[in-house]
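# Commentary on secondary and tertiary structure
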Amino acid sequence: MKFLILNGPNLDQIGTREQSVYGNENIHDYLKRLKQDYDVEVAFESSEATLVEIILSAQDIDGIVLNAGAYTHTSLAIADAIAAIQVPVVEVHLSNIYARAFYRKTSYIAEKCKGSISGFGLDVYRLALLSLEAISNR
Ligand code: DQA
């Protein structure tokens, strides 16, 4: 099985960015280890338009793990792109967005995703890959 882990703005800074919220483990080191267990491509993109293009061009893969970062709470364009494709998308957030400020509690993309995983730190990526494997075996 082949997967894509797609990250939005500022996620490449995890490890040094707001450590009290996101922890101090380096995201690149974590994902490098995850790649030893899964056939997964990893992308970091700050631009909303590029994220839309990547989602729309996703083909011949078994699922996308998407951490849209702040666009989660604003982007109808990303929600529409997810709705336009057949590939299942799992929304992830390192932090528990429901335990944070009110403007982070709303996800524009959740409704279009297969499911959401939020609040388990970097392990949300591994949990999302496990869930994509589980649904593909149904
Ligand atoms: C985040 C939560 C978002 O609200 C925030 O803008 C991020 C990271 C998370 O992984 O917890 O950039 O998606």
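Coordinates for the structure precede this section.
One structure accompanies this document, and this report is about it. (Residues numbered from 1 in each chain as written. Predicted model: local features only at pLDDT ≥ 70, side-chain atom pairs only at ≥ 80, totals over all residues. Heavy atoms only, no water.)

## Topic: the sheet that holds strand E3 (residues 63–67)
Heads up, the rule is: We treat two strands as partners when DSSP finds at least two bridges between them. Numbering of helices and strands starts at the N terminus; helices are DSSP runs of H or I of at least 4 residues and strands are runs of E of at least 2. Where helices are involved, their axes are fitted lines through C-alpha atoms of the stretch in contact, as for all axes, and angles between N-to-C directions lie from 0 to 180°.
Across the sheet, which stays open at both edges, the five strands sit in the order E2-E1-E3-E4-E5 with parallel pairing between neighbours. Strand pairing shows two members of the sheet lacking a second neighbour, strand E2 (39–44) and strand E5 (115–118), which therefore form its edges. In this sheet, adjacent strand axes meet at a mean angle of 20° when their direction is disregarded. Alignment of E3 against strand E4 (residues 89–93), held across three bridges, turns out to be parallel. Across the sheet, the residue bridging to Ile64 is Val89, located in E4.

## Here's the deal with the site of the ligand
For clarity, the threshold we go by: To be near a molecule or strand, a residue needs just one of its heavy atoms within 4 Å of it. What qualifies as a polar contact is a pair of N or O atoms within 3.5 Å, subject to a donor-acceptor requirement within protein and to the restriction that residues adjacent in sequence count only when both atoms come from side chains. Shrake-Rupley sampling with a 1.4 Å probe provides the accessible areas, and residues are treated as covered by the protein chains on show and by no other component.
Around the ligand sit Arg17, Tyr22, Asn67, Gly69, Ala70, His73, His93, Leu94, Ser95, Ile97, Arg100 and Arg104, and that is every residue in its neighbourhood. Take His93: an N or O atom from its side chain is 2.8 Å from an oxygen atom of the ligand. One of the side-chain N or O atoms of Ser95 is found 2.6 Å from an oxygen atom in the ligand. Within the complex, the protein chains bury 99% of what would otherwise be the 320 Å² of accessible surface of the ligand.

## Quick word on helix H3 (residues 48–56)
Stated precisely, the cut-off is as follows: Burial classes: relative accessible area under 20% of the type maximum marks a residue as buried, over 50% as exposed, and values in between as partly exposed (1.4 Å probe, protein chains only). This arc describes the spread of directions from the helix axis toward the C-beta atoms. Any two residues having at least one pair of non-hydrogen atoms within 4.5 Å are treated as being in contact.
Taken together, the buried positions of H3 are occupied by Leu51, Val52 and Ile55. Here the buried residues of H3 occupy an arc of 100° about the axis, which is enough to place them on one side. Tucked into the core, H3 has its buried residues touching strand E1 (2–7), E3 and helix H4 (76–84). Measuring from the backbone nitrogen of Ala49 back to the side-chain oxygen at the start of H3 gives 3.3 Å, which picks out Ser47 as the cap.

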